[in-house]
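The residues making up each chain are set out below.
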Amino acid sequence: MVINCVAYDHADPSIFTVLTCQSSKPGVAIADFVIFPPRWSVQEHTFRPPYYHRNCMSEFMGLVYGGYEAKHGGFMPGGASLHSMMTPHGPDAVCFEKASSGALLPEKVAVGSMAFMFESSLSLRATRWAVHESGKVDYDYHDCWQSLRKHFDPDARQ
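Please read all numbers here as calculations on a predicted model, not as lab measurements.

1. Here's the deal with the overall build of the protein
- On a plain count of helices and strands, the protein comes out with two helices and seven strands.
- Put simply, the protein has 158 residues, and 31% of those count as buried.
- If you take every contact in the protein between residues at least 6 apart in sequence, the share linking residues at least 24 apart comes to 70%.
- When the accessible surface of the protein is totalled, it reaches about 10,900 Å², and 59% of it is carbon and sulfur.

Structure follows, in structure tokens:
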């Protein structure tokens, strides 16, 4: 079975949803459980990694083993991240530069890795223990975006 985007743009992660807890509002889930399986990335004339975005749902991402395509080396196995509703996030600077300058050849991604995500329309937060006592919070997580260069030119015309 072929599942993924095949022409352009990064597919919305919801296509990889394996379990949903529906709410009473159509189209709004209390929670979705999503996996990121090995797949071919073949889009042309586009930016292939997950793009920079904000969500109306909270995202809790986890990496069981391997590497995550949007943050190689910055998101370690056993690690997780929480992006609350409307918190901007996306690929790190290294991933952005590689995806922006590399040849768009067919590439199989997520081979040898297992990443997952819980999305929820409810607000999620870390416990006091997780933030203050576990010793596992990466207070420099935001640094992965600090070296991003501005590429937008409002005067550029095509």
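2. What to know about the sheet that holds strand β7 (residues 114-120)
- Pairing within the open sheet is antiparallel, and its five strands lie in the order β1-β2-β7-β4-β5. The sheet is open, and its two borders are formed by β1 (17-22) and β5 (80-83), each paired with just one other strand. For this sheet the average axis-to-axis angle between neighbouring strands, irrespective of direction, equals 10 degrees.
- In this sheet, strand β2 (residues 29-36) lies alongside β1 in antiparallel orientation, the contact comprising five bridges. Bridging across to β2, T17 finds its partner in V34.

3. Digging into the side chain of S120
- By the secondary structure assignment, S120 is in strand β7.
- Reaching out from S120, the side chain makes a polar contact with the backbone nitrogen of L122 at a distance of 3.0 Å.
- In this structure S120 touches A29, I30, A31, M57, S58 and M85, once residues within four positions along its chain are discounted.

4. Section: the pattern of salt bridges
- Following the criterion strictly, the structure yields one salt bridge and no others.
- Note that R149 is salt-bridged to E97, the shortest N-O span being 3.0 Å. Taken as a pair, R149 in the segment after α2 (128-133) and E97 in helix α1 (residues 93-101) lie far apart in primary sequence, 52 residues in all.
- Residue E97 is classed as partly exposed on the basis of its relative accessible area of 25%.

5. So, the packing of aromatic side chains
- Per the counting criterion, the structure on display carries seven aromatic pairs.
- Seen in terms of ring centroids, F33 and F118 are 5.0 Å apart; in terms of plane orientation they differ by 45 degrees. Their pairing is tilted. Taken together, the residues F33 in strand β2 and F118 in strand β7 connect sequence positions 85 residues apart.
- A relative accessible area of 23% means that F33 is categorised as partly exposed.
- Residue classification places F118 among the partly exposed positions, given a relative accessible area of 39%.
- Relative to F116, the ring of F60 lies with its centre 6.4 Å away and its plane at 45 degrees, an arrangement referred to as tilted. Placement of F60 in strand β4 (residues 58-65) and of F116 in strand β7 is noted, with a sequence separation of 56 residues between them.
- F60 sits in the partly exposed class, given a relative accessible area of 30%.

Reading guide: rules and limits
- Residues numbered from 1 in each chain as written.
- Predicted model: local features only at pLDDT ≥ 70, side-chain atom pairs only at ≥ 80, totals over all residues.
- Heavy atoms only, no water.
- Helix = DSSP H or I, 4+ residues; strand = E, 2+ residues; numbered from the N terminus.
- Buried < 20%, exposed > 50% of the residue type's maximum accessible area, 1.4 Å probe, protein only.
- Contact = heavy atoms within 4.5 Å.
- Areas by Shrake-Rupley, 256 points an atom, 1.4 Å probe, with all protein chains shown as cover.
- Pairing = 2+ DSSP bridges.
- Axes fitted to C-alpha atoms, helices over the stretch in contact; angles between N-to-C directions.
- Polar contact = N/O pair within 3.5 Å; in protein donor to acceptor, adjacent residues only side chain to side chain.
- Salt bridge = Lys/Arg side-chain N within 4 Å of Asp/Glu carboxyl O.
- Phe/Tyr/Trp six-rings, centres within 6.5 Å; stacked < 30°, edge-to-face > 60°.

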